[in-house]
Amino acid sequence: MKKFKIFICLFIVTSLFVAPITVSASLPITVTTTLYVDAARIGEADSFLISKNGKFMLVDTGLSTDSTKVINMLSSRNVTNLKALVITHYDVDHVGSFLDVIDYIKNHNGTIDHIYGRKYTSAQLNTLTPQRRTNYVMFINGILRYLNRSSEEFNLSSYDTVAVATKANELFGSGDGLWIFPTRTNPIANFTLDGNTTVTWLNKWDSYIVPGMDPADVPANFNNDSLTFKLTYENGEAMLFTGDISWTPQQDLVDNCYSQISTCSILKAPHHGIPDYQKPSFIAAVNPSYTLATTDLSYNRLPGMITKGKYGMVYYTNTASDFCTIAIRLKAPSVYLEDTSLSFYTNDTN
Ligand SMILES: [Zn+2]
């Protein structure tokens, strides 16, 4: 009897790590595998490598000066193919090493199934600040380079925004295995990384960049255009990616996507954890167990962030480390963080 109980216990414990089990002999047994979210240790900039079962997705590429660390993150996981490359928005700390990532994939004879980024019209491009506009053109250049069409790349010091917008329409309108998000007609806007890990886009469809808007309003609204998504692991645990969105889109998420955001255990803090960018109602709705801030301590942002809401355990990417990555490991039945190089911030007065 005792042996039987031990057997049952072992069976239950084993089941937690090897689920679901398919009973039918005609179907293969599916083994649960770990979902990794690596965050490059590049301080106040974003680059995340999401991987499961040998399938990869890269979200943002850091500053241009972060190239070595971002590429190291890819090579340390033996990445040659990306199922998706997402550029949340075109600020320098998110799209900076985009061309280097494209070159890395090409040098490894790899493929990128989908590239996600927001598409702008020429009128919107003309509304952007010069640097942001040029970053967008660099993004288009990278796609042309990936397609072996380097001769069509735009000169970054002299380009016509109508020609850029026309090229973007050509690239993303249909075909080429490249898709733009958001688009109202894209049938695969939500996709799965490996069949049971899903990415759900939570964006408001329309851009916050309105042609002719006050230049002073451009930076914040450019951030508000960040692609935002929920990454859901097979057991239902989820992480919320927020780019650099500020209060307005955060409230949009609370109003329109409450059931999605309230079921996320891990939050990528909006806009590198800048305290004034964390809307209390949004943080309360997510109520994360873990929060990741892509910053280092030089900005002194974490104390202010922590005192403004309930973030669970707060981790930050920092910069100095032998490791180029940290790993947030999602494994049934619960979420936990894995890696020795992760920096944990605590505030004793909290
Ligand atoms: Zn940023």
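Structure report, in brief. Note that the structure is a prediction, hence the values are computed from the model and not measured.

Parameters at a glance
Numbering of residues starts from 1 in every chain and runs along the sequence as written. Per-residue local features of the predicted model are confined to residues with pLDDT of at least 70, and side-chain atom pairs are confined, for both listing and counting, to 80 or more; whole-chain, interface and lining totals are unaffected and use all residues. Numbering goes from the N terminus for both helices and strands, where a helix is a DSSP run of H or I of at least four residues and a strand is a run of E of at least two. Here a residue counts as buried when 20 or more other C-beta atoms fall within 10 Å of its C-beta, as exposed when 12 or fewer do, and as partly exposed in between; the C-beta atoms come from the backbone. Whether two residues are in contact is decided by their C-beta atoms, placed from the backbone, lying within 7 Å. Here a nonpolar core is just a set of buried residues of the types Ala, Val, Leu, Ile, Met, Phe, Trp, Tyr and Cys, joined wherever their C-beta atoms sit within 7 Å. Along the arc lie the directions from the helix axis toward the C-beta atoms. The pairing criterion is simple: DSSP has to find at least two bridges between the two strands. As a rule, the C-alpha atoms of each element are fitted with a line to give its axis, helices using only the stretch in contact, and angles between N-to-C directions run from 0 to 180 degrees. Each crossing gets its hand from how the near helix is turned against the far one by less than a right angle, where anticlockwise is left-handed and clockwise is right-handed. For this classification, the nonpolar set comprises Ala, Val, Leu, Ile, Met, Phe, Trp, Tyr, Cys and Pro, the charged set comprises Asp, Glu, Lys and Arg, and every other residue, Gly included, is treated as polar. Each residue after the first adds 1.5 Å to the expected span of a helix.

1. Looking at the overall build of the protein chain
Now for step 1: A tally of regular secondary structure across the protein chain gives 12 helices and 15 strands.
Now for step 2: For the protein chain, buried positions account for 45% of its 350 residues.
Now for step 3: Within the protein chain, counting contacts between residues at least 6 apart in sequence, those at least 24 apart form 66% of the total.

2. Observations concerning the nonpolar core
Now for step 1: In this structure, Met57 and Leu82 are the most contacted members of the largest nonpolar core, which totals 81 residues.
Now for step 2: The contacts of Met57, once residues within four sequence positions are left out, are Ile50, Leu82, Lys83, Ala84, Val86 and Leu193.

3. With respect to helix H4 (residues 98-107)
Note: α-helices contain 3.6 residues per turn, so residues at a spacing of three or four share the same orientation.
Now for step 1: Buried residues of H4: Phe98, Val101, Ile102 and Ile105, and no others. Seen from one end, H4 has its buried residues packed into an arc of 100 degrees, which puts them on one side.
Now for step 2: Against strand S3 (55-59), helix H2 (67-76), strand S4 (82-86), helix H3 (92-95), strand S5 (112-116) and helix H6 (130-146) lie the buried residues of H4.

4. Some remarks on the pairing of strand S2 (residues 48-52)
Now for step 1: Most of S2 sits out of view: five of its five residues are buried.
Now for step 2: Burial along S2 is two-sided: the residues Phe48, Ile50 and Lys52 and Leu49 and Ser51 are all buried.
Now for step 3: The pairing of S2 with S3 spans five bridges and is classified as antiparallel. By the bridge assignment, Lys52 is partnered in S3 with Lys55.
Now for step 4: As consecutive antiparallel partners, S2 and S3 are separated by two residues, and within that stretch Asn53 has a phi angle of approximately 55 degrees, a positive value.

5. Side note on the packing of H2 against H4
Now for step 1: Where H2 contacts H4, the axes come no closer than 10 Å and their chain directions differ by 35 degrees. H2 and H4 meet at a crossing whose hand is right-handed. Contacts from Ser67, Val70, Ile71 and Leu74 in H2 reach Asp100, Val101 and Tyr104 in H4.
Now for step 2: Here the residues of the contact of H2 with H4 are counted per class, giving five nonpolar, one polar and one charged.

6. Things to note about H6
Now for step 1: In this model, H6 (17 residues) spans 24 Å end to end at C-alpha, consistent with the 24 Å of a helix rising 1.5 Å per residue.
Now for step 2: When we look at burial in H6, the residues that qualify are Arg132, Arg133, Asn135, Tyr136, Val137, Phe139, Ile140, Asn141, Gly142, Ile143 and Tyr146.
Now for step 3: Lining the buried residues of H6 we find H3, H4, S5, helix H5 (122-127), helix H7 (161-173) and helix H8 (218-224).
Now for step 4: Among the residues trailing H6, Asn148 stands out with phi positive, at a value near 60 degrees.

7. Some remarks on unusual backbone geometry
Now for step 1: The residue Asn78 is not glycine, and still its phi comes out positive at about 55 degrees.
Now for step 2: Relative to the helices and strands, Asn78 resides in the loop between H2 and S4.
Now for step 3: Note on Asn78: 10 C-beta atoms within 10 Å, which makes it exposed.
Now for step 4: The phi angle at His271 is positive, at roughly 50 degrees, despite the residue not being glycine.
Now for step 5: In this structure, His271 sits in the loop between strand S10 (266-268) and helix H11 (280-286).
Now for step 6: Given 25 C-beta atoms within 10 Å, His271 falls into the buried group.

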